[in-house]
Amino acid sequence: MARPVIVAIDGPAGAGKSTVSKILALRLGFTLVDTGAIYRCVALKARRMKVAFDDPAGLARVLHGLEVRFLMDEEKNHVFLDGADVSEEIRTPENSLAASQVSSRPVVRDGLLELQRRLALAAEQGAILEGRDIGTVVFPDADLKVFLFADPTIRAKRRYEELFQKGHEKPVGEVLAEQNRRDKEDSEREVAPLKPADDAVRIDSTQLPLSEVVHQIESLVEARRPR
Ligand code: DC
């Protein structure tokens, strides 16, 4: 049986990956694998099990039997951890920080490779994987690799708006400082740092409406789809 079409969308937080990936998945009828949500689930489970983020043996226990599933409707991509919907809980500020910390651990990165690949390869037609290292590590042979980025100030403003919509108001300067810290951690870590794959198509969303980004990626996917 032919392998599903694999689309990797990597880039820093706030570049528009989640919005673009979700719309694309709905338009193309593809499965969406939000790999950041998987790291967030590991962080949440480690916190619940009171495992320290620098304890490799403890983290291995967290990963053992970890079950993450996605269920997408028109509104959002729901995330289930061991059978329970944790879509909101994984996105609190505490858990975001924890996710960034566990994601730098080799035991976690290695332990999640198989799950990420399995979720994508189970797709009927195609899968969109959004993350940081999809095109470089998880699927170096993806059919299409996109690196989506944007000016840090614009990204922080988008994040500020998103938090505001959810009722959390935080000065935009603070949002920018936190984002800079996460960008630094994600790009400077030793294992699988955030960087574009050599053969990735780079799209700068600073000046582009996200609908235009969707349109560009959709055309690239259509051009690579088997007929
Ligand atoms: O995309 P996100 O903000 O939901 O990701 C949560 C954390 O997981 C973030 O600190 C980066 C990390 N991450 C990663 O290291 N590799 C991925 N493929 C996806 C996310």
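Use the structure listed above.
Residues numbered from 1 in each chain as written. Predicted model: local features only at pLDDT ≥ 70, side-chain atom pairs only at ≥ 80, totals over all residues. Heavy atoms only, no water.

Visitor: Give a description of the overall build of the chain that names residues and reports values.
Guide: Assigned secondary structure in the chain consists of nine helices and eight strands. With the principal axes as the frame, the chain shows a C-alpha extent of 50 × 45 × 35 Å. Considering the chain as a whole, with its 227 residues, one finds that 45% of them fall into the buried category. The chain carries 34 positive and 37 negative side-chain charges, and their two centres are separated by 1 Å. (Helix = DSSP H or I, 4+ residues; strand = E, 2+ residues; numbered from the N terminus. Buried < 20%, exposed > 50% of the residue type's maximum accessible area, 1.4 Å probe, protein only. Lys, Arg positive; Asp, Glu negative; His and termini not counted. Charge placed at Lys NZ, Arg CZ, Asp CG, Glu CD.)

Visitor: Before we move on, can you summarise the pairing of strand β7 (residues 144–149) with the specific residues and values?
Guide: A large share of β7 lies buried, amounting to five of its six residues. Bridge count between β7 and strand β8 (residues 201–204): four bridges; the pairing is parallel. Bridge assignment links F147 to a residue of β8, and that residue is R202. (Pairing = 2+ DSSP bridges.)

Visitor: Tell me about empty space enclosed by the protein, and name the residues and values.
Guide: Taken as a whole and assessed by the stated rule, the structure comprises one cavity of 30 Å³ or more. By volume, the largest cavity is sized at about 30 Å³. Along the walls of the largest cavity sit D10, G135, T136, K145, V146, F147, K195, P196, A197 and A200, which together make up its complete lining. Considering each element in turn, the lining of the largest cavity owes the most residues, three residues, to β7. Residue classes in the lining of the largest cavity are distributed as five nonpolar, two polar and three charged. (1 Å grid on protein atoms, 1.4 Å probe; cavity = no way out; pocket = protein on both sides within 12 Å on 5 of 7 lines; lining within 4 Å. Points joined across faces, edges and corners; volume = space filled by probe spheres on them. Nonpolar A, V, L, I, M, F, W, Y, C, P; charged D, E, K, R; others polar.)

Visitor: Report on the pattern of salt bridges, specifying residues and quantitative values.
Guide: Evaluated as defined, the whole model comprises 17 salt bridges. The salt bridge partner of D183 is R155, with a shortest N-O separation of 2.7 Å. Of this pair, D183 sits in helix α8 (residues 172–188) while R155 sits in helix α7 (residues 152–165), placing them 28 residues apart in sequence. On the basis of relative accessibility, which here comes to 17%, the residue D183 falls in the buried class. Residue K170 is joined to E178 by a salt bridge in which the shortest nitrogen-to-oxygen separation is 2.8 Å. Classification of K170 by relative accessible area gives buried; the value is 19%. A relative accessible area of 37% places E178 in the partly exposed class. One connected set of salt bridges, linked through shared partners, spans R3, D141 and D143. (Salt bridge = Lys/Arg side-chain N within 4 Å of Asp/Glu carboxyl O.)

Visitor: Break down the packing of aromatic side chains for me, citing the residues and quoting the values.
Guide: Counted by the stated rule, this structure contains two aromatic pairs. Where F147 meets F149, the ring centres are 6.3 Å apart and the plane angle is 35°; that geometry is what we call tilted. With a relative accessible area of 9%, F147 lands in the buried category. You can call F149 partly exposed: its relative accessible area is 29%. Ring plane angle 20° and centroid distance 6.3 Å describe the contact between Y160 and F164, whose orientation is recorded as stacked. With Y160 and F164 both in helix α7 and four residues apart, this pair spans about one turn of that helix. Classification of F164 by relative accessible area gives partly exposed; the value is 44%. (Phe/Tyr/Trp six-rings, centres within 6.5 Å; stacked < 30°, edge-to-face > 60°.)

Visitor: Before we move on, can you summarise the side chain of K17 with the specific residues and values?
Guide: Mapped onto the elements, K17 comes out in helix α1 (residues 17–28). Of the side chains bearing the opposite charge, E130 lies closest to the buried K17, which forms no salt bridge; the N-O distance is 4.7 Å. In terms of polar contacts, K17 uses its side chain to reach the backbone carbonyl oxygen of P12, at 3.1 Å. (Polar contact = N/O pair within 3.5 Å; in protein donor to acceptor, adjacent residues only side chain to side chain.)

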